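# Inside the fold
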Amino acid sequence: MALRKKALRPIERLGALTLLLFAAGSLRAQNPRPVAFIAENYDVSATLDTIRQSLTATVKVDFKALEVSGNVRVELHPNLEVQTVKSADGKLLNFERDRQNPLFLMVTVPSPVGAGGHLSLTFTYTGLLANEENSPVPGVRAAVINHDFAYLLLPSRWFPLTDYPSNRYTGTFRLNVPASFAVAGTGKALAPTPTAGKNPIDGDRIVYTFECKNAAPNGTFVAGNLQLNPQQAEGVSVSVYAPRSASANAGDFAASVARSMTVFSDMFGALPDPAMSVIQIPDGTLREFAGPGVLLLSQRAWDPKSNDRTIARLVASQWWGNEVLPASPSDVWISDGLARYSEALYAEQNAGREAGLRAVDEFAVGALMFEDAAPIAQAARLAPYSADYRSVVMNKGAMIFHMVRAQMGDVAFKSLLHDFYTKYEGKSARIDDFAVMAQQHAQASVRKGDAPPELRGFFTQWLNSTGIPEFTLDYVVYRTPKGFRISGKIKQPLDTFRMPVELRIDTEGNAELKTIDVIGSESDFTVETFGRPKPGGIRVDPNNLILKASTNLRARAAVARGEELAEQGRYYDAVVQYQRALSIQPNRPLANFRMGEAFFYQKNYQASANAFREALQTVPEPAEKWTEVWSHIYLGKIFDLLAQRERAVNEYSKARQTNDNTGGAQQVAEGFLKKAYTEGEKTAVAPGAGGTATPAAPAAIPPPSEGNRPVLKKRTDPAQFLP
C-alpha cells in the first residue's frame, strides 16, 4: 500500500525551514568556503611608523589557481585600509571587503584564471596597529606598533594571507623601522640598510631584509631594543634576541632549545633547517608563539629554567605546526595538540617518567576547564589562543595522544609519530590522515594471536564528541577455594563510551592489574585474586591512562579557571570560580589561598584574611604545601597595612618556621621581619600552581591600585598562552 505524505501545517513548515536554515548555517560555519587561489610567494615592503603607530605596505603576491575563478580572496587585518590593487601589467582592479566578515578582501580580475594557472597582484595599504581593536585573533594584540617596540605576528594577517593556517609560501620581507630599532623574525636576515626618513620628525631609518626561501608560514617579526646573542649548544645554532639587560641567560636559552631539538630529532626525524632564533617579545600579547625557525617568549616568561617545558613545546611546533601543517582550522589537533603532548614526551625523556606524568596531570586539569566548549574535530568554532581553545585543542588534544600511546604501546606510538612526520613533512595533513596511520601501526605492531586496539571507534568517540567519563565502582568480594572473587560493575555517564580500562586490586599480597573492556554506562566484571582485597583497594585506571573526571580534578579545573581570570584582573569572576572549587571539594587549601589573593588585591582585607585562615586549617596536598608559607606572608602583609605590626611579625615568624622557600618565601619573610610591608611596595610574588614564582604582570593588564600584584600562573602550564 502506498504511503500518503502528511501535509505540514504552516507553523510546521516554518519550523522545518528554520531547522534547515540553522543546519545550513552550521555547515557553513564548520566548513568554510574553499579558496580558489593560494599565495606561493611574497615581496613585502613595509614601513613601521612608531609615531603614528601605523603600518604602510606594498605587497606583491604570486598566486596559483586551484580552480577556474576570477575572484581572489585574501585575509587582511580589518584595520588596514587597502588603497589600490594592481595586476601584473599595472592596471587597477576592483576590490571590496566582505560585509559580513571584514577580515576577507575580494579582488576581481579581468578574466578567469584556469586551474593551475598563475596570477600576480600588488596591494598597497595603510592603517593603525595600536592595540587589539579589530584583531583577527579576538582579544589578542597580534600586531602592535608603538614608540618603543613593534611586533607583527602572522595570525594578525598584517599582509594578505590565503587559507590560513594551512598555506605555506616563500618570500622576501623588507621592514623600514627607526634607526634605533633592530628587527628579528622568520627567514635569513641580510645586512640592514640605512635610509633617510621622509621628514625630520621621522628621523633616521633603517631597512631590515629577510629572505624566506623555504616554503612555510613565514612572516612573524619583532622590532625594538633587541641585541643579537649568537650561541652554540650541542651542535645547534641558536640566536637569542633580547634587550641587553635580559641577555645574560642567552646561554641557558640555547641549552634548553638544544635539548629539545635533540630529543625531538631522535624521536620524529630531522628538521630541514635546525637553526633557531629565540626572541623576547614585549608583554601584552601572547605569552609565547612559534614561527618557522623562531621561538617568541614574552618578557614575563623570559626565564629558560622555569619555562623549559614551554620552550620544548615551541620547539616541537617546528615539527607540528610548521613542517606539518593542519589542512584546515578543524585539523589543528595534529599541530597544536601534538606539540602540547610533545611537552610530556620531552619531560619524560629529559627528567624521567614522573616528570612526564606530571605534565600529563596538567593536561588533564586543563582539559576539564572548558571540555564541553566543542569537539576537537570542530576546533574551527573556537577562537585560536582563547581559554577554551587551549582547553579543548591543546590539553584535551594532548590527553588523546596520551591515550593512543597507552593503547598502542610506546614502540608503536613513537614509530607512528616518526612515520607521520616523514610522510607529511612539508605538507598539510588532516585528522583522518593521522587516524588511518595510527590504525595501521596498531595492527602491524600487535602480537600474533592478540587483537589490535580498536582505534577507529576510539577516534570517533574522542574527537567528534564532548563528554568525559567519571568512573564509579560497585562490587562484592567472595571467598573461593583458591582465593577471592570480586564481582561488580564499572559505571560512568557516557552511553557511547567504549575503552579498555585498567583495574588495580591492592591485596594483602601482591597488587593485581586487570584490563576490563568497558562498554556503555555500566559494565560487569569478575576478577579472581589470590590475596584478600584491601578495603577500598580497588581503583579504576590507576595509572591515569584515560582522560577522566574526578572530584579532585574538577576542583583543580575550577581553581585554574579562577587563576586565569585573576591574571586578567577579573577578581570578582575569579572568586566565583574559587567558590565553585570549594563547593566541589570543600576546604581545599589552594582554592582558599587563591581566593585570599583575589580579595587582597581588591583591598577587601577582612575577607582576604578569612580565606588565608581557612587555607591554613587543612593539610594541603604535597604539591600545594607552599600555600602554608605564603598564607602566613599574606596575613603579615595585611596586618602591616592595618598598622598591627606585632601581629604581622608573628605571621612572618610562622612563615620562617615552615622552612619552605618556594618562590623565595624565606627571603620575603625575612625582609618583612626587618621592615614592614607598605602599600604599593614591589616584592617577590606568590608562586604559581606548580610551586615556582610567577612572572611580572603583563603590560596589557592594568595592575590594581594597590600596586604590585602577582600574575597568577595557571594550573595547566599553558594555560600560559594569553596575557
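Below is a summary of the structure that appears in this document.

Rules of the game
Residues numbered from 1 in each chain as written. Predicted model: local features only at pLDDT ≥ 70, side-chain atom pairs only at ≥ 80, totals over all residues. Heavy atoms only, no water. Helix = DSSP H or I, 4+ residues; strand = E, 2+ residues; numbered from the N terminus. Buried < 20%, exposed > 50% of the residue type's maximum accessible area, 1.4 Å probe, protein only. Contact = heavy atoms within 4.5 Å. Areas by Shrake-Rupley, 256 points an atom, 1.4 Å probe, with all protein chains shown as cover. 1 Å grid on protein atoms, 1.4 Å probe; cavity = no way out; pocket = protein on both sides within 12 Å on 5 of 7 lines; lining within 4 Å. Points joined across faces, edges and corners; volume = space filled by probe spheres on them. Nonpolar A, V, L, I, M, F, W, Y, C, P; charged D, E, K, R; others polar. Salt bridge = Lys/Arg side-chain N within 4 Å of Asp/Glu carboxyl O. Polar contact = N/O pair within 3.5 Å; in protein donor to acceptor, adjacent residues only side chain to side chain. Pairing = 2+ DSSP bridges. Right-handed = clockwise from strand over helix to strand, strands pointing away. Axes fitted to C-alpha atoms, helices over the stretch in contact; angles between N-to-C directions. Expected span 1.5 Å × (residues − 1). Core = buried A, V, L, I, M, F, W, Y, C linked by side-chain atoms within 4.5 Å.

### A few points about the overall build of the protein
Along the protein, the regular secondary structure elements total 16 helices and 28 strands. Within the protein, the fraction of its 723 residues that count as buried is 54%. Counted over contacts in the protein with a minimum sequence separation of 6, partners at least 24 positions apart contribute 67%. With the model as given, the accessible surface of the protein reaches about 31,600 Å², and the carbon-plus-sulfur share is 51%.

### Let's talk about the environment of leucine 286
If you trace the backbone, leucine 286 turns up in the loop between β18 (276–281) and β19 (288–291). When the C-alpha atoms of leucine 286 and alanine 142 are compared, they prove to be 7.5 Å apart, with 144 residues separating the residues in sequence.

### Topic: the layout of surface pockets
A volume near 900 Å³ is recorded for the second largest pocket. In terms of lining, the second largest pocket is formed by 41 residues, of which the most central are Gly187, Lys188, Asp273, Ala275 and Gly293. Secondary-structure elements contributing two or more residues to the lining of the second largest pocket are β11 (182–185), β12 (188–189), β14 (205–216), β16 (227–233), β17 (236–242) and β18. Looking at the lining of the second largest pocket, the element that brings in the most residues is β14, giving eight residues. Grouping the amino acids of the lining of the second largest pocket by side-chain chemistry returns 22 nonpolar, 14 polar and five charged.

### Section: the pattern of salt bridges
The tally for this structure, following the rule as stated, stands at 40 salt bridges. Salt-bridge contacts for glutamate 621 lead to arginine 588; the nearest nitrogen and oxygen are separated by 3.5 Å. Of the two residues, glutamate 621 sits in the loop between α13 (605–617) and α14 (626–641) while arginine 588 sits in the loop between α11 (571–584) and α12 (589–601), which places them 33 residues apart along the sequence. Given the relative accessible area of 31%, glutamate 621 is considered partly exposed. Among the ionic pairs, arginine 656 bridges to glutamate 670, the shortest N-O distance being 3.1 Å. Of this pair, arginine 656 sits in helix α15 (residues 645–657) while glutamate 670 sits in helix α16 (residues 665–674), and the two are 14 residues apart along the sequence. For arginine 656, a relative accessible area of 31% translates into the label partly exposed. Residues joined by salt bridges that share partners form a network here, namely Arg287, Glu288, Arg309, Arg313, Arg340, Glu343 and Glu362.

### Considerations on helix α9 (residues 455–464)
Along α9, the positions that sit buried rather than exposed are Leu455, Phe458, Phe459, Gln461, Trp462 and Leu463. If you follow the buried residues of α9, they end up packed against α6 (387–408), α8 (431–445) and β25 (498–507). With a side-chain oxygen positioned 2.9 Å from the backbone nitrogen of arginine 456, the residue opening α9 is glutamate 454.

### Notes on the pairing of β17
Most of β17 is tucked away, with five of its seven residues classed as buried. In this antiparallel pair of consecutive strands, β16 and β17, the connection spans two residues, and glutamate 234 shows a positive phi of 55°. Pairing geometry for β17 and β18, over four bridges, is parallel. Paired with valine 238 across the strands is methionine 276, a residue of β18. Once the chain exits β17 it traverses helix α2 (residues 250–268) before rejoining the sheet at β18, and the crossover so formed is left-handed.

### A closer look at the side chain of arginine 313
Note on placement: arginine 313 falls in helix α3 (residues 308–316). Take arginine 313: its relative accessible area is 4%, and that puts it in the buried class.

### Looking at the sheet that holds strand β9 (residues 150–152)
Within the open sheet, the four strands sit side by side as β8-β9-β15-β11. Their pairing is antiparallel. In this open sheet, the two edge strands, each paired with only one partner strand, are β8 (143–145) and β11. Taken over all neighbouring pairs, the strand axes of this sheet differ in orientation by 15° on average, direction set aside.

### Some remarks on the side chain of serine 166
On the secondary structure map, serine 166 appears in the loop between β9 and β10 (169–178). A residue is classified by how much of its surface remains accessible, and serine 166, at 6% relative accessible area, is buried. At 3.3 Å, the side chain of serine 166 and the backbone nitrogen of serine 328 are in polar contact. If we ignore the near neighbours within four places in the chain, the residues touching serine 166 are Leu325, Pro326, Ala327, Ser328 and Ser428.

### Things to note about unusual backbone geometry
Among all residues save glycine, negative phi is the norm, and among peptide bonds the norm is trans. Cis geometry is adopted by the peptide bond preceding proline 165, which originates at tyrosine 164 and carries an omega value of 10°. Relative to the elements of secondary structure, proline 165 occurs in the loop between β9 and β10. The phi torsion at alanine 643 lies on the positive side, around 60°, for a residue other than glycine. With respect to the helices and strands, the residue alanine 643 is situated in the loop between α14 and α15. The exposure class assigned to alanine 643 is exposed, which follows from its relative accessible area of 70%.

### With respect to α12
With 13 residues, α12 ought to run about 18 Å at 1.5 Å a step, and its terminal C-alpha atoms sit 19 Å apart, in line with that. Counting buried positions along α12 gives 13 out of 13 residues, so the element sits mostly inside the fold. Once α12 ends, the next one or two residues include lysine 603, with phi positive near 65°.

### A look at the sheet that holds strand β24 (residues 483–491)
Strand order in the open sheet made by the three strands is β23-β24-β27, with antiparallel pairing throughout. With partners counted over all chains shown, the strands left at the sheet margins are β23 (472–480) and β27 (522–529), one partner each. Each strand of the sheet is rotated relative to its neighbour by a mean of 15°, with strand direction disregarded. Bridge count for β23 against β24 is nine bridges, and the pairing is antiparallel. In the strand pairing of β24, valine 476 is matched with serine 487.

### Quick word on the nonpolar core
In this structure, Trp333, Phe434 and Phe459 are the most contacted members of the largest nonpolar core, which totals 106 residues. The biggest single contributor to this core is α6, with 12 residues. Leaving out residues up to four positions away in the same chain, tryptophan 333 has contacts with Leu338, Ile376, Val393, Gly397, Ile400, Phe401, Ile431, Phe434, Phe459 and Leu463. Val59, Leu119, Leu152 and Leu153 belong to the second largest nonpolar core, which has 68 residues in total.

### Overview of the environment of arginine 174
Here arginine 174 is to be found in strand β10. Sequence separation between arginine 174 and serine 45 is 129 residues; the distance between their C-alpha atoms is 4.7 Å. In this view, arginine 174 contacts Asp43, Val44, Ser45, Ala46, Val207, Tyr208 and Thr209; residues no more than four positions away in its chain are not counted. Separated by 2.5 Å, the side chains of arginine 174 and aspartate 43 make a polar contact.

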